[in-house]
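# Fold and geometry: a report
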Amino acid sequence: MTTGASRMKIVHSVLLRESAPGLVGAIGVTLVALVGYSAMAGVVGAGGLGDLAIRYGYQRYDTRVMIASIVVLAVLVIVVQFGFDRAARLLDRRRRVNA
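Notes on the structure follow. (Residues numbered from 1 in each chain as written. Predicted model: local features only at pLDDT ≥ 70, side-chain atom pairs only at ≥ 80, totals over all residues. Heavy atoms only, no water.)

On to the overall build of the chain, then. Across its full length, the chain carries three helices and zero strands. At 21 Å, the chain has a C-alpha radius of gyration far larger than the 13 Å of a compact globule built from 99 residues. Seen along its three principal axes, the alpha-carbon backbone of the chain occupies a region of about 70 × 25 × 10 Å. Each of the 99 residues in the chain was classed as buried or not, and the buried ones make up 18%. Put simply, of all contacts in the chain between residues at least 6 apart along the chain, 54% involve residues at least 24 apart. Just so you have it, the chain exposes about 7,400 Å², and 67% of that area is on carbon and sulfur atoms. Mean positive and mean negative side-chain charge positions of the chain (12 and 5 charges, respectively) differ by 9 Å. (Helix = DSSP H or I, 4+ residues; strand = E, 2+ residues; numbered from the N terminus. Rg over C-alpha atoms; globule rule 2.2 N^0.38 Å. Buried < 20%, exposed > 50% of the residue type's maximum accessible area, 1.4 Å probe, protein only. Contact = heavy atoms within 4.5 Å. Areas by Shrake-Rupley, 256 points an atom, 1.4 Å probe, with all protein chains shown as cover. Lys, Arg positive; Asp, Glu negative; His and termini not counted. Charge placed at Lys NZ, Arg CZ, Asp CG, Glu CD.)

In structure tokens form, the structure reads like this:
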């Protein structure tokens, strides 16, 4: 290339470093969506926390089980989203300092 670097060196040192915060953020959003999809799949009988909330909480009128499973799902989503947002922010800040 015109800079004297190989194609892999350019990909590693420029493209991946620039796109790392966006990639980490997208992975976090994807994991949050997967948690939601697994809860929805549990509603139709696939098992998991969605199934627990519907079968034992809603259908058996056990409000404590339903609220507890909803709280667990909400906390899981908050922790995953916070962790990936923090990691993306740290990667972005590190990129700006090293530039």
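After presenting the structure, the write-up continues.
Take the side chain of Asp-51 next. Looking at the element boundaries, Asp-51 is found in helix H2 (residues 49-58). Look past the residues within four positions of Asp-51 in its chain and what remains in contact with it is Gly-42, Val-43 and Tyr-56.

Our next topic: helix H1 (residues 7-43). Roughly 50° is the biggest bend found in H1, and it falls at Ala-20, with proline Pro-21 one to four residues downstream. What H1 keeps buried is the set Ala-20, Pro-21, Val-24, Gly-25, Gly-28, Val-32, Val-35, Ala-39 and Gly-42. A positive backbone phi angle near 110° is found at Gly-45, which sits one or two residues after H1. (Bend = angle between axes of the 7 residues up to and from the residue.)

Another point: the pattern of salt bridges. Taken as a whole and judged by the stated rule, the model has one salt bridge. The partner of Arg-55 in a salt bridge is Asp-51, with the nearest N and O atoms 3.1 Å apart. Highlighted residues: Arg-55 and Asp-51, both in helix H2, separated by four residues, approximately one helical turn. Owing to a relative accessible area of 14%, Asp-51 belongs among the buried residues under this scheme. (Salt bridge = Lys/Arg side-chain N within 4 Å of Asp/Glu carboxyl O.)

Bringing the environment of Arg-93 into the picture now. Relative to the helices and strands, Arg-93 resides in helix H3 (residues 63-98). For the pair Arg-93 and Pro-21, spaced 72 residues apart in the sequence, the C-alpha separation amounts to 9.2 Å.

Positive phi, close to 60°, is recorded for Tyr-61, a residue that is not glycine. Among the residues examined, Tyr-61 registers a relative accessible area of 74% and is labelled exposed.

Before going further, it helps to examine the packing of H1 against H2. Contact geometry for H1 and H2: axes closest at 6 Å, N-to-C directions at 40°. Regarding the angle of H1 to H2, the classification is oblique. The way H1 lies across H2 gives a crossing that is right-handed. Residues Ala-39, Gly-42 and Val-43 of H1 form the contact with H2, whose own contacting residues are Gly-50, Asp-51 and Ile-54. Residue classes in the contact of H1 with H2 are distributed as three nonpolar, two polar and one charged. (Axes fitted to C-alpha atoms, helices over the stretch in contact; angles between N-to-C directions. Parallel < 35°, antiparallel > 145°, perpendicular 65-115°, else oblique. Left-handed = near helix turned anticlockwise from the far one by under 90°. Nonpolar A, V, L, I, M, F, W, Y, C, P; charged D, E, K, R; others polar.)

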